[in-house]
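What follows is the residue order along each chain.
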There are 2 protein chains.
Amino acid sequence: MPDQAIEKMSDEQIEAGLEKRAEWSGVGGQIQRTYQFGDFLGSMAFVNKVAEYAERVQHHPDILIRYNRVTLTVSTHDAGGITQKDFDLAEEADRLAG
Amino acid sequence: MPDQAIEKMSDEQIEAGLEKRAEWSGVGGQIQRTYQFGDFLGSMAFVNKVAEYAERVQHHPDILIRYNRVTLTVSTHDAGGITQKDFDLAEEADRLAG
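What you see is a predicted model, and the numbers here were worked out from it, not measured in a lab.

Draft legend 1. Just the overall build of chain A, in detail. Looking only at helices and strands, chain A features three helices and four strands. For 98 residues, the compact-globule formula gives about 13 Å, and the C-alpha radius of gyration of chain A, at 13 Å, lands near that figure. For chain A, the spread of C-alpha atoms along the principal axes amounts to about 45 × 25 × 20 Å. Split into buried and exposed, the 98 residues of chain A put 46% on the buried side. Restricting the contact set of chain A to residue pairs at least 6 apart, pairs at least 24 apart contribute 66%. A total accessible area of about 5,400 Å² is found for chain A, and carbon and sulfur atoms account for 45% of it. When the 10 positive and 17 negative side-chain charges of chain A are each reduced to one mean point, those points stand 6 Å apart.

Structure follows, in structure tokens:
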């Protein structure tokens, strides 16, 4: 059986996924959210938690750190679009951001 | 006396600084370099070293992590341009990248 997790989602599935993650938006075949923290150290603490998760599941978001703001941008290269793995990462990142 | 470190550099000074840092380039009033590592963990190790330096000197680059590549973008907001602090950070980051 094919791995469900790496099947590219349809536009309708992506819309439905984004409705459950209000802070995330779809941009050019990727999903993205910017988090805000108290300071740079807050950003770094979050980034290290996300990095640990990303490495564990072998799915790595692009991470942009701008002092107290962190932007995660996620897509699944192997599937050429957005998959359930991207929404799993979004959910975990939201949880880690507390 | 004014702090020399936060005086905005002239175009000529920036050119001279970039000549000494061949991997760095000037882009829109900032200086930037992309480093490449063996993998994501290599990127994260570098980013954490840069973050420690940045916090110590209270001068924070924008940091973009894309799997095994890290882009640092630096300018001095207080001076409205590029200063010696930016080149100090560039020098230290190059050293930390090994």
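Draft legend 2. How the structure looks around the interface of chain A and chain B. With 16 residues of chain A in contact, the opposing surface of chain B contributes 16 residues. Of the roughly 1,400 Å² buried between chain A and chain B, counting both surfaces, carbon and sulfur atoms make up 65%. Remark: the boundary between chain A and chain B carries two salt bridges. Between D62 of chain A and R66 of chain B there is a salt bridge, with its nearest N and O atoms 3.2 Å apart. For the pair chain A and chain B, the interface holds five residue pairs in polar contact (both at pLDDT 80 or more). Of all elements in the fold, only α2 (40–57) and β3 (62–66) of chain A reach the threshold of two or more residues within the side of chain A that touches chain B. Sorting elements by how many residues they give to the side of chain A that touches chain B places α2 of chain A first, with eight residues.

Draft legend 3. Inspection of the packing of aromatic side chains at higher detail. For the structure shown, the criterion picks out ten aromatic pairs over all chains. Centroid distance Y35 of chain A to F37 of chain A: 6.4 Å. Interplanar angle 20°. Geometry classified as stacked. In this structure Y35 of chain A comes out as buried when scored by relative accessible area, which is 2%. Residue classification places F37 of chain A among the buried residues on the basis of a relative accessible area of 17%. Arranged with centres 6.3 Å apart and planes meeting at 15°, the rings of F40 of chain B and Y67 of chain B form a pair that is stacked. Taken together, the residues span a long stretch of sequence, with F40 of chain B in helix α2 (residues 40–57) and Y67 of chain B in the loop between β3 (62–66) and β4 (69–74) at a distance of 27 residues. Assessed through its relative accessible area of 36%, Y67 of chain B is described here as partly exposed.

Draft legend 4. Looking closely at the pairing of strand β2 (residues 30–36) of chain B. Residue and element names in this part refer to chain B. Burial of β2 is one-sided: the residues I31, R33 and Y35 facing one way are buried, the residues Q30, Q32, T34 and Q36 facing the other way are not. Bridge count for strand β1 (residues 25–27) against β2 is three bridges, and the pairing is antiparallel. What sits directly across from S25, in β2, is Q32. Note that β2 and β4 share six bridges and pair antiparallel. Pairing of R33 across the sheet is with L72, part of β4.

Draft legend 5. Broad picture of the relation of the copies chain A and chain B. Rotating chain A by 180° and translating it 0.0 Å along the rotation axis places it on chain B, where the RMSD comes to 0.0 Å. The symmetry that links the two subunits is that of a two-fold axis. Judged by C-alpha distance, L64 of chain A is the residue of chain A that lies nearest the rotation axis, at 2.2 Å. When the interface residues of chain A are mapped onto chain B, 100% of them again lie at the interface, so the same face is used by both copies.

Draft legend 6. Fine view of the side chain of T76 of chain A. Following the sequence through the fold, T76 of chain A ends up in the loop between β4 (69–74) and α3 (84–96). With residues up to four places along the chain from it excluded, the contact list for T76 of chain A reads H59, G81, T83, K85 and D86 of chain A.

Draft legend 7. Quick peek at the pattern of salt bridges. The final tally for this structure, using the stated rule, is eight salt bridges over all chains. The structure contains a network of salt bridges with shared partners spanning R21, R33 and D94 of chain A.

Conventions adopted
- Residues numbered from 1 in each chain as written.
- Chains lettered and ligands numbered in written order.
- Predicted model: local features only at pLDDT ≥ 70, side-chain atom pairs only at ≥ 80, totals over all residues.
- Heavy atoms only, no water.
- Helix = DSSP H or I, 4+ residues; strand = E, 2+ residues; numbered from the N terminus.
- Rg over C-alpha atoms; globule rule 2.2 N^0.38 Å.
- Buried < 20%, exposed > 50% of the residue type's maximum accessible area, 1.4 Å probe, protein only.
- Contact = heavy atoms within 4.5 Å.
- Areas by Shrake-Rupley, 256 points an atom, 1.4 Å probe, with all protein chains shown as cover.
- Lys, Arg positive; Asp, Glu negative; His and termini not counted.
- Charge placed at Lys NZ, Arg CZ, Asp CG, Glu CD.
- Buried area = accessible area lost by both parts, 1.4 Å probe.
- Salt bridge = Lys/Arg side-chain N within 4 Å of Asp/Glu carboxyl O.
- Polar contact = N/O pair within 3.5 Å; in protein donor to acceptor, adjacent residues only side chain to side chain.
- Phe/Tyr/Trp six-rings, centres within 6.5 Å; stacked < 30°, edge-to-face > 60°.
- Pairing = 2+ DSSP bridges.
- Least-squares fit on C-alpha atoms with pLDDT ≥ 70 in both.

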